[in-house]
Amino acid sequence: VSQAWCGFSIKKEGNDALFRHVSREALGEATVAQIRDNIAYLTLRFWGHVATAEEVDLMKSEIYDAYIDPAVSDDSDEKSAWQAVCASLIRDPLWLSY
């Protein structure tokens, strides 16, 4: 359910709730700093928790980057990466306790 909800949220026109530091229309053009800032924003939004640099790095390397193929520039991979980040935040016990 979390995977489907996150996918729907990312694809919905005009819904920028998940994207404060990156542009939903140009996900493939986001810088590493923007990606990290957006992951930190999402942890605060989803968990009510200010993420440490280590937590952001872990999410970026183990979740976000796992869905990105550097040889492909199509931002459908970027959408899959953000969907994975979103779903992992919802599945975490901190989501339930917040």
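Per-chain numbering applies: the sequence of each chain, read as written, is numbered from 1 onward. Reporting of local features is limited, given that this is a predicted model, to residues whose pLDDT is at least 70; pairs of side-chain atoms are given and counted only at 80 or more, and all residues count toward the totals for whole chains, interfaces and linings. The side-chain numbers reported here are obtained from all heavy atoms of the structure, hydrogens and water having been left aside.

Asks: For this particular structure, what's the right way to read the pattern of salt bridges?
Replies: Between side chains of opposite charge, a pair can form when the charged atoms approach closely. For this analysis, a salt bridge means a side-chain nitrogen from Lys or Arg found within 4 Å of a carboxyl oxygen belonging to Asp or Glu. Taken as a whole and assessed by the stated rule, the structure comprises 5 salt bridges. The shortest N-O distance in the salt bridge between Glu-13 and Arg-24 comes to 3.7 Å. Residue Glu-13 is located in the loop between helix H1 (2–11) and helix H2 (32–47), and its partner Arg-24 is located in the loop between H1 and H2; the two are separated by 11 residues in the primary sequence. Judged by its relative accessible area of 8%, Arg-24 falls in the buried class. Here Lys-60 ties to Asp-65 by a salt bridge, and the two come within 2.9 Å at their closest N and O atoms. Overall, Lys-60 belongs to the buried group, its relative accessible area being 13%. The network of salt bridges with shared partners includes Glu-13, Asp-16, Arg-24 and Glu-25. Here a strand is any run of E in DSSP of at least two residues, a helix any run of H or I of at least four, and the numbering for each starts at the N terminus. Exposure classes here rest on a 1.4 Å probe applied to the protein chains alone. A residue is buried below 20% of its type maximum, exposed above 50%, and partly exposed in between.

Asks: Before we go on, may I ask you to explain the environment of Thr-43 in this structure?
Replies: Along the chain, Thr-43 turns up in helix H2. In this structure Thr-43 comes out as buried when scored by relative accessible area, which is 0%. We call two residues in contact whenever any of their non-hydrogen atoms come within 4.5 Å of each other. Discounting residues that sit within four places of it in the chain, Thr-43 has contacts with Gly-48, His-49, Ala-51, Met-59 and Leu-89. A distance of 2.8 Å separates the side chain of Thr-43 from the backbone oxygen of Ala-40, its partner in a polar contact. Identification of polar contacts relies on pairs of N or O atoms within 3.5 Å, with a donor-acceptor requirement for protein atoms, meaning one able to donate a hydrogen and the other able to accept it, and with residues adjacent in sequence counted only if both atoms are side-chain atoms.

Asks: Explain the packing of H2 against helix H3 (residues 53–64) to me, please; I cannot follow it from the model alone.
Replies: Two quantities define a packed helix pair, namely the angle between the axes and the distance from one axis to the other. Helix axes are fitted to C-alpha atoms over the stretch in contact, other axes to C-alpha atoms as well, and angles between N-to-C directions run from 0 to 180 degrees. H3 packs onto H2 with a crossing angle of 105° between their chain directions and a minimal axis gap of 10 Å. The orientation of H2 with respect to H3, classified from their angle, is roughly perpendicular. For the pair formed by H2 and H3, the contact residues are Val-32, Ile-35, Arg-36, Ile-39, Ala-40, Thr-43 and Trp-47 on the first element and Ala-53, Val-56, Asp-57, Met-59, Lys-60 and Tyr-64 on the second. The nonpolar class holds Ala, Val, Leu, Ile, Met, Phe, Trp, Tyr, Cys and Pro. Asp, Glu, Lys and Arg form the charged class, and all remaining residues, Gly among them, are polar. Class assignment for the residues of the contact of H2 with H3 results in 9 nonpolar, 1 polar and 3 charged. Here roughly perpendicular refers to angles of 65 to 115 degrees, roughly parallel to angles under 35, roughly antiparallel to angles over 145, and oblique to all remaining angles.

Asks: Please clarify how the packing of aromatic side chains should be interpreted in this entry.
Replies: Aromatic ring pairs are reported here in terms of the distance separating the ring centres and the angle at which the planes meet. Here a pair means two rings of Phe, Tyr or Trp (six-membered ring of Trp) with centres within 6.5 Å. Their orientation is stacked below 30 degrees between planes, edge-to-face above 60, and tilted elsewhere. Under the counting rule described, the total for this entry stands at 3 aromatic pairs. When the centroid spacing of 5.3 Å and the interplanar angle of 45° are considered together, the rings of Phe-46 and Trp-95 count as tilted. Of the two residues, Phe-46 is situated in helix H2 and Trp-95 in helix H5 (residues 93–97); the sequence distance between them amounts to 49 residues. Given the relative accessible area of 33%, Trp-95 is considered partly exposed. Aromatic rings pair up to connect Phe-19, Tyr-64 and Trp-82 into one cluster.

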